[in-house]
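# Residue-level structure breakdown
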Amino acid sequence: MHPQRSLILITVDCLRLDRTHDVTGEAADAGVFTPVLSRFASESCVFPCAVVAGAPTYYSFPAILGGRHPLAMGRDVLGMAPGEATLAWCLRDAGYATAAFVAGNAYLSPRFGYEQGFDEFEDFLGGSPAKCGQDETPETESGSGSLVGKLNGALRGVAKTIGLGRVYNDAYFRYGQWQAGKQDVTVDDLRRYPSADAMVNRVGPWLAGRGGAPFFLWLHLMDPHHPYYPPLEALAAIGRPDIDVRRARKLNSVWNRGDLSASQLAAYRDDVTALYDAGVYWADRQIGRLLDMLQQFGLDDDTAVAVTADHGEELLEQGRRYHRPDALPESLIRVPLLVRVPGTGGRRFADVPFSQTDLPATLLEAVGVAPGGMAGSSRWNELLAAQVGDATEPPTVTECVAGSTNPFYSCRRNGSRLLAIHHGRYKLTWNLGGGSEQLFDLAADPGETAPLPPGEVPEVRRRLMQAVLDHVKKSQAERDPVARLRARLRDLRLEGAVAFR
């Protein structure tokens, strides 16, 4: 074990792998959006083949902080169970000061156990349980319960009945845009989550008052998350000063329409992508500020820093938007992962599959803390010894509940299990409820546009399907009944409290 080092974990919501310049080994397709991470990569362990254990956020973080697959305690359990071993618990037990600053993502709140192990935890939700369950589902344009809302609903129903639903939707959309145009607002007024600069501003005072103990800091940034309202300064920096507040508002509204096809939305894709990319750029720039703070406080030589994402984002590559758990494409489940540990230098593990289930234990060993009791396996020593990447490595598994887009209440979590499994050049996706499965050769078809015919490479398909079944059986056999019971009791208590508010 090395002497204990401090640790900073930075997670960026919705950060696609292909938007991280030089992290993948080549420039991002649309430009340089992460110059800070590009420099950071040169002195870090970089994992271009990192894969999330689940998507979206509520299926990803049990692995990032707890080292376990998200459905290991059952499909109806969300988040971390009370008392479950986490990265924060292990480090606090080792004498670390711990803090987390989470930019308003309700699924990373105490409601789902993410405050456990932190001396200081701030989720920027204002203590309102009503905000829980809203972050992963896009806003809708449905009417309210007011008289005007009821009238709109009635008109919509009549229009659909007589075949003029699309005409009504267009007219209502234009009316909404006209009303919005009369408001004098800024991107700060429209942004749903605190921006990365506001988050980093909280870090300086905490670092200044931490004392001499090693520390663990978790920072979760939401800037690339929809609705996309980056600072205008960020849009100018990526070459899109033409997008002003009014244009950004219209683009978000159009992109969120449920009545437009992918081909109709395609006309707006480049501009919406610019909004997304500006959010990526702004998060990257503020990560740079944080790294500068470490130098200013004289902490950079004793602090390991890890940067990753909970999932990516779909931008119509296969006709889908956002990051709904309806499918598990590469744009959603492949994420950047960079780990800088003082004294180890930069390394690129281009051919090494890395599941985020192994991230917490690996980080613990990298900072000199034994990962006892933590789910997942530490790969730190084998990575340093370069004893990885052979054909015997097990497949990586990503899982979620299909279609579970807003699982605030546990009764909404029991859909069918959807899995993606990688091994070598092949990837199998399988919805266990409907029985549909597809096999892709990612080397020949990186865009996943042409699944292999059922009769092709049958031995590969059979092996990956068996691996899926083994994974499900193992997760059920090793389920912790006590932790599961605690999580279910927490759900029942909190759901009842909200219901009787």
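Please refer to the structure higher up on the page.
All of the points below concern the structure found in this document. In this text, all values refer to a predicted model and were calculated from it rather than measured experimentally. (Residues numbered from 1 in each chain as written. Predicted model: local features only at pLDDT ≥ 70, side-chain atom pairs only at ≥ 80, totals over all residues. Heavy atoms only, no water.)

A separate point is the overall build of the chain. Within the chain one finds 16 helices and 16 strands. Within the span of the chain, comprising 501 residues, buried residues form 55% of the whole. (Helix = DSSP H or I, 4+ residues; strand = E, 2+ residues; numbered from the N terminus. Buried < 20%, exposed > 50% of the residue type's maximum accessible area, 1.4 Å probe, protein only.)

Here we take up helix α9 (residues 245-255). Regarding α9, the residues found buried are Val245, Ala248, Arg249, Leu251, Asn252, Val254 and Trp255. Capping the start of α9, Asp244 holds a side-chain oxygen 3.4 Å from the backbone nitrogen of Arg246, two or three residues further along. (Polar contact = N/O pair within 3.5 Å; in protein donor to acceptor, adjacent residues only side chain to side chain.)

Adjacent strands of a sheet form backbone hydrogen bonds with each other and so pair up, either parallel or antiparallel. In space, the eight strands of this open sheet follow the order β5-β4-β6-β1-β7-β10-β2-β11, with mixed pairing throughout. Edge positions in the sheet fall to β5 (120-122) and β11 (347-348), since each of these pairs with one other strand and no more. One ladder, built from seven bridges, connects strand β1 (residues 6-12) with strand β7 (residues 303-309); its direction is parallel. By the bridge assignment, Leu7 is partnered in β7 with Ala304. (Pairing = 2+ DSSP bridges.)

For the rest of this paragraph, the subject is the nonpolar core. Formed by 121 residues in total, the largest nonpolar core has its most connected members in Phe216 and Trp218. The element best represented in this core is helix α11 (residues 269-296), accounting for 14 residues. With twelve residues, the next largest nonpolar core counts Val397, Leu439, Leu464 and Val468 among its residues. (Core = buried A, V, L, I, M, F, W, Y, C linked by side-chain atoms within 4.5 Å.)

Turning our eyes to something else, we now look at the environment of Leu15. Summarising the element assignment, Leu15 is placed in the loop between β1 and α1 (35-41). Note: C-alpha distance between Leu15 and Ser331 (316 residues apart in sequence) is 9.6 Å.

Here we take up the pattern of salt bridges. As enumerated under the stated definition, the model contains 30 salt bridges in all. With a shortest N-O distance of 2.6 Å, Arg285 and Glu233 are connected by a salt bridge. Taken together, the positions of Arg285 in helix α11 and Glu233 in helix α8 (residues 232-237) put the pair 52 residues apart, joining distant regions of the chain. Judged by its relative accessible area of 32%, Arg285 falls in the partly exposed class. A relative accessible area of 41% places Glu233 in the partly exposed class. Linked through salt bridges whose partners overlap, the residues forming this network are Arg16, Asp18, Arg19, Arg269, Asp277 and Glu317. (Salt bridge = Lys/Arg side-chain N within 4 Å of Asp/Glu carboxyl O.)

Another aspect to go through is the environment of Met374. With respect to the element layout, Met374 can be found in the loop between α13 (359-366) and α14 (380-384). By relative accessible area, which is 8% here, Met374 ends up buried. Placed 14 residues apart in sequence, Met374 and Pro360 show a C-alpha to C-alpha distance of 7.7 Å. Leave out the neighbours within four places in its chain, and Met374 touches Leu65, Gly66, Gly67, Ala85, Thr86, Leu87, Cys90, Pro360, Ala361 and Leu364. (Contact = heavy atoms within 4.5 Å.)

With that out of the way, let us pick up a nonpolar patch on the surface. The grouping of Leu485, Leu489 and Leu492 at the surface amounts to a nonpolar patch, some 300 Å² of accessible area in total. For Leu492, the position within the fold is in helix α16 (residues 481-499). (Patch = residues over 30% accessible without salt bridge, like charges linked within 9 Å, V, L, I, M, F, W, Y side chains within 5 Å. Areas by Shrake-Rupley, 256 points an atom, 1.4 Å probe, with all protein chains shown as cover.)

Moving on, we get to the pairing of strand β13 (residues 396-401). Where burial is concerned, most of β13 is hidden: six out of the six residues are buried. Of the two faces of β13, both are covered, the one formed by Thr396, Thr398 and Cys400 as well as the one formed by Val397, Glu399 and Val401. Of the strand pairs in this sheet, β13 and strand β14 (residues 417-423) are connected by six bridges, and their pairing is antiparallel. Along β14, the bridge assignment pairs Thr398 with Ala420.

Once that is clear, we can look at empty space enclosed by the protein. Scanning the model with the defined rule gives four cavities of 30 Å³ or more in all. Taken as a whole, the largest cavity encloses approximately 80 Å³ of empty space. Around the largest cavity sit Arg191, Arg192, Tyr193, Pro194, Ser195, Met222, Asp223, His225, Pro227, Tyr229 and Pro230, which together line it. Its residues assigned to classes, the lining of the largest cavity comprises six nonpolar, two polar and three charged. The computed volume of the second largest cavity comes to approximately 40 Å³. (1 Å grid on protein atoms, 1.4 Å probe; cavity = no way out; pocket = protein on both sides within 12 Å on 5 of 7 lines; lining within 4 Å. Points joined across faces, edges and corners; volume = space filled by probe spheres on them. Nonpolar A, V, L, I, M, F, W, Y, C, P; charged D, E, K, R; others polar.)

This part covers the pairing of strand β6 (residues 215-221). Burial within β6 is extensive, with seven of its seven residues counted as buried. Neither face of β6 is open: one carries Phe215, Leu217, Leu219 and Leu221, the other Phe216, Trp218 and His220, and all of them are buried. As paired elements, β1 and β6 share six bridges and run parallel to each other. Among the inter-strand pairings, Ile10 is bridged to a residue of β6, identified as Leu219.

The α-helix winds at 3.6 residues per turn, so residues separated by three or four positions along the chain end up facing the same way. Here helix α7 (residues 196-208) spans 19 Å end to end across 13 residues, near enough to the 18 Å set by a 1.5 Å rise per residue. Taken residue by residue, α7 has Ala196, Met199, Val200, Val203, Gly204, Trp206 and Leu207 as its buried positions. The inward-facing, buried residues of α7 contact β4 (97-102), β5, β6 and α11. (Expected span 1.5 Å × (residues − 1).)

A few words now on unusual backbone geometry. The omega torsion of the bond from Ala55 to Pro56 falls at 5°, within 30 degrees of zero and hence cis. A cis geometry characterises the amide bond from His226 onward to Pro227, with omega recorded as -10°. Locating Pro227 in the fold gives a position in the loop between β6 and α8. The phi angle at Leu316 is positive, at roughly 75°, despite the residue not being glycine. Tracing the sequence through the fold places Leu316 in the loop between β8 (314-315) and β9 (321-322). When its relative accessible area of 12% is taken as the criterion, Leu316 is described as buried. Positioned with a positive phi, Tyr322 is a non-glycine residue whose angle comes to about 65°. Given the relative accessible area of 7%, Tyr322 is considered buried.

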